[in-house]
Amino acid sequence: MQQFITKPRNIFLLDGFGALLTAVLLFFVLRNFNAFFGLSKTILEYLSLLALTFSIYSILCYFLIKNNWKSFLKTICIANILYCILTFGIVVYNCKSISIFGIAYFLGEIIIISGLILLEIKTIRKQ
């Protein structure tokens with residue numbers, strides 16, 4: 001964790017690849033087995049598009065932002081918080097149709113992203 005706090009640009013890379021993994025899982029796995037997870041293909045496509053957008057943003061920040069990275073990290077931190085709220089809302093709204101596997105996937109995703117959010121907040125405060 002200290003490596004990310006001392007080299008904050010690395011958080012963009014971690015966030016970018018994590019969001020890319022989320023986009024791939026949502027679009028290629030969950031969408032193709034949407035009946036198993038209990039959410040519509042449309043919802044999974046929109047979530048994957050959102051995750052892909054976050055991925056592009058974070059990876060571009062890693063390569064392009066050399067100074068004044070705090071505001072960019074705050075932006076992705078807020079975006080991650082909103083994504084978690086949106087995901088939780090989707091799970092609650094679709095509670096009658098979503099399977100236990102869908103709930104487990106999305107709650108696991110929220111927990112992992114929350115850990116990343118905490119790391120981002122610690123990095124912003126330390127610098």
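Here is a short report on the structure shown in this document.

Cut-offs and rules
- Residues numbered from 1 in each chain as written.
- Predicted model: local features only at pLDDT ≥ 70, side-chain atom pairs only at ≥ 80, totals over all residues.
- Heavy atoms only, no water.
- Helix = DSSP H or I, 4+ residues; strand = E, 2+ residues; numbered from the N terminus.
- Rg over C-alpha atoms; globule rule 2.2 N^0.38 Å.
- Buried < 20%, exposed > 50% of the residue type's maximum accessible area, 1.4 Å probe, protein only.
- Areas by Shrake-Rupley, 256 points an atom, 1.4 Å probe, with all protein chains shown as cover.
- Lys, Arg positive; Asp, Glu negative; His and termini not counted.
- Charge placed at Lys NZ, Arg CZ, Asp CG, Glu CD.
- 1 Å grid on protein atoms, 1.4 Å probe; cavity = no way out; pocket = protein on both sides within 12 Å on 5 of 7 lines; lining within 4 Å.
- Points joined across faces, edges and corners; volume = space filled by probe spheres on them.
- Contact = heavy atoms within 4.5 Å.
- Polar contact = N/O pair within 3.5 Å; in protein donor to acceptor, adjacent residues only side chain to side chain.
- Salt bridge = Lys/Arg side-chain N within 4 Å of Asp/Glu carboxyl O.
- Phe/Tyr/Trp six-rings, centres within 6.5 Å; stacked < 30°, edge-to-face > 60°.
- Lys NZ or Arg CZ within 6 Å of the ring centre and 35° of its normal.

1. What to know about the overall build of the protein chain
On a plain count of helices and strands, the protein chain comes out with 6 helices and 0 strands. In sequence order, the secondary structure elements of the protein chain are arranged as α-α-α-α-α-α. For a compact globule of 127 residues, the expected C-alpha radius of gyration is about 14 Å, and the protein chain comes in at 15 Å, within 12% of that figure. Projecting the C-alpha coordinates of the protein chain onto the three principal axes gives extents of approximately 45 × 20 × 20 Å. Relative to its 127 residues, the protein chain shows a buried fraction of 41%. Counting only carbon and sulfur atoms, one obtains 72% of the accessible surface of the protein chain, whose full area is about 7500 Å². Separation of charge centres in the protein chain, based on 11 positive and 4 negative side chains, amounts to 10 Å.

2. What about the layout of surface pockets?
Its boundaries defined by the atoms lining it, the largest pocket holds a volume of some 380 Å³. If you trace the largest pocket, you find 18 residues lining it, with G18, A19, T22, I112 and I113 closest to the centre. Taken together, the elements giving at least two residues each to the lining of the largest pocket come down to α2 (9-30), α4 (41-64), α5 (70-93) and α6 (100-126).

3. Some remarks on the environment of S55
Tracing the sequence through the fold places S55 in helix α4. Sequence separation between S55 and L13 is 42 residues, and the spatial gap between their C-alpha atoms is 8.8 Å. In this view, S55 contacts G16, A19 and L20; residues no more than four positions away in its chain are not counted. Among the polar contacts made by the side chain of S55, one reaches the main-chain carbonyl oxygen of G16 at a distance of 2.8 Å.

4. Some thoughts on the side chain of N94
Relative to the helices and strands, N94 is located in the loop between α5 and α6. For N94, a relative accessible area of 15% gives the class buried.

5. Describing the pattern of salt bridges
In total, this model carries 1 salt bridge according to the counting rule given. Put simply, E45 and R31 hold a salt bridge, and the shortest N to O gap is 3.4 Å. Taken together, the positions of E45 in helix α4 and R31 in the loop between α2 and α3 (34-37) put the pair 14 residues apart, joining distant regions of the chain. Judged by its relative accessible area of 32%, E45 is partly exposed. On the basis of relative accessible area, R31 is assigned to the buried category, the value being 16%.

6. Some thoughts on the side chain of T22
Looking at the element boundaries, T22 is found in helix α2. Classification of T22 as buried rests on a relative accessible area of 12%. Apart from residues no more than four positions distant in its own chain, T22 is found in contact with A51, Y83, Y105 and E109.

7. Some remarks on the packing of aromatic side chains
Enumeration according to the criterion identifies 6 aromatic pairs in this entry. Here the aromatic rings of F54 and Y83 are separated by 6.1 Å at their centres, their planes lie at 70°, and the arrangement is edge-to-face. Taken together, the positions of F54 in helix α4 and Y83 in helix α5 put the pair 29 residues apart, joining distant regions of the chain. Looking at Y83, the relative accessible area reads 3%, which means it is buried. A connected cluster of aromatic rings, assembled from ring pairs, spans F36, F37 and F101. Looking at R9, its charged tip hangs above the ring of Y62, at a distance of 4.7 Å from the centre. Note that R31 overlies the ring of F27, its terminal NZ or CZ placed 3.9 Å from the centroid.

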